[in-house]
Amino acid sequence: MIGKQTTKHRSIFTLADAEERARNFEDYWIFTQAHSGDLIEEDKDLTRKRALLQQFRNNPVQLSQPFPGAAFYRNYVELKDKAEALDRKTLLLTCIYKFARHEWVGITGAWKSTPSLGQAKHLTDKISRWHLAEEFCHVRFFHEMFMTFKLDKLEWVPLSPFMEKIYQIFPLFPEILMSPPAFVTELMGIVFYREVDAILDEVFADEPSARDRLRALLDEITVDEIAHVGQRRNYIGSLGVKLSKWMLPTLFRLFYADIPETRVLFDIEKMIKTGLEFDFNEIPERIIERAWIPSYCI
Ligand SMILES: [Fe+2]
Ligand SMILES: [Fe+2]
């Protein structure tokens, strides 16, 4: 198959001892700085990502038809119409917004409760700060997807105060409790982005330039997420691996229950299976060659 990689990788759940995982943190740290650039703490931004976003903005895409935003604006924060009744473009865009919104709320909470670069004591503190800044860059890339369709009235709306609190206290949990769900949510991201990629050609068949732009933005996010899934995996040993596999189906189902669009667009049970079987081998070469994978998965 064109674009498919030839290298064979191992399951993301492959076991590794503490020493090998420590070496992988060192290796990841070198990768992430080279890949994303320097941290701009006050802007929650990274130099290379900022330049990349500017490149996209400097080259706006021409739509073949103006995108009618009424249905999007009515449904993006909360689905008001029947999901089945929406056109596929609107449905996919409101779905992406809802996914990204959770991400935005989660990282906003986490940013407040994790040490700044100046306060960082351990290598993993610095890695976490870069990781969170990359996630903020993803929200900017998602925003750029919506700007492609001139949806400039879109706002990033907070979740309920209860959900905000949950996301804020989550990073304060001891590492042993926090790591498996944090790893599973990264895995959930990868599976979701690949599913979105798989339907882009069909949904945006009559908007090829916009489709290519969405894919380019999605690729940028996916490259980071491939690295994140390995990095978060690196925190967990054999017990954490078992716990992660055990909680994955429930976390996927709970999360997607909150995004009704996914019922129509995707097959959640298939996504669970993809998550449990994830081994990097289905990720296209154009993404893999730019991403980071733990040594024990290669
Ligand atoms: Fe992300
Ligand atoms: Fe991530």
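Preceding this section is the structure that the text describes.
Residues numbered from 1 in each chain as written. Chains lettered and ligands numbered in written order. Predicted model: local features only at pLDDT ≥ 70, side-chain atom pairs only at ≥ 80, totals over all residues. Heavy atoms only, no water.

A. Representation of the coordination of the iron ion (ligand 1). Surrounding the iron ion (ligand 1) are the protein donor atoms Glu103 (OE), Glu135 (OE) and Glu225 (OE), at 1.7 to 2.1 Å. Within one chain, the residues donating to the iron ion (ligand 1) are spaced in sequence as E-x31-E-x89-E. (Donors = N, O, S within 2.8 Å, 3.2 Å for Na, K, Ca; no water.)

B. Geometry of the packing of helix α2 (residues 47-58) against helix α8 (residues 208-233). Where α2 meets α8, the axes come as close as 12 Å, and the angle between the chain directions of the two elements is 170°. The angle between α2 and α8 falls in the class roughly antiparallel. On the side of α2, the interface is formed by Lys49, Leu52 and Phe56, while α8 contributes Arg213, Ala216, Leu217, Glu220 and Asp224. Residue composition of the contact of α2 with α8, grouped by class: 4 nonpolar, no polar and 4 charged. (Axes fitted to C-alpha atoms, helices over the stretch in contact; angles between N-to-C directions. Helix = DSSP H or I, 4+ residues; strand = E, 2+ residues; numbered from the N terminus. Parallel < 35°, antiparallel > 145°, perpendicular 65-115°, else oblique. Contact = heavy atoms within 4.5 Å. Nonpolar A, V, L, I, M, F, W, Y, C, P; charged D, E, K, R; others polar.)

C. Spatial organisation of the pattern of salt bridges. Considering all chains together, one arrives at 23 salt bridges under this definition. One salt bridge connects Asp224 with Lys49, and the closest N-O pair in it is separated by 2.9 Å. Separated by 175 residues along the polypeptide, Asp224 in helix α8 and Lys49 in helix α2 bring together distant segments of the chain. What makes Asp224 buried here is its relative accessible area of 1%. (Salt bridge = Lys/Arg side-chain N within 4 Å of Asp/Glu carboxyl O. Buried < 20%, exposed > 50% of the residue type's maximum accessible area, 1.4 Å probe, protein only.)

D. Representation of the nonpolar core. Among the nonpolar cores identified, the biggest contains 96 residues, and Leu92 and Phe146 are the most heavily contacted of them. Take this core: its biggest share by element is 13 residues, from helix α4 (residues 88-113). In this structure, Phe146 is in contact with Phe72, Leu93, Ile96, Tyr97, Leu151, Leu154 and Trp156, ignoring residues within four places of it in sequence. (Core = buried A, V, L, I, M, F, W, Y, C linked by side-chain atoms within 4.5 Å.)

E. Molecular detail of the environment of Phe25. Tracing the backbone shows Phe25 in helix α1 (residues 18-36). Residue Phe25 is classed as buried on the basis of its relative accessible area, which comes to 11%. The spacing of Phe25 and Ile127 is 102 residues in sequence and 8.3 Å in space, taken between C-alpha atoms. Leave out the neighbours within four places in its chain, and Phe25 touches Leu123, Thr124, Ile127, Gln231, Asn234 and Tyr235.

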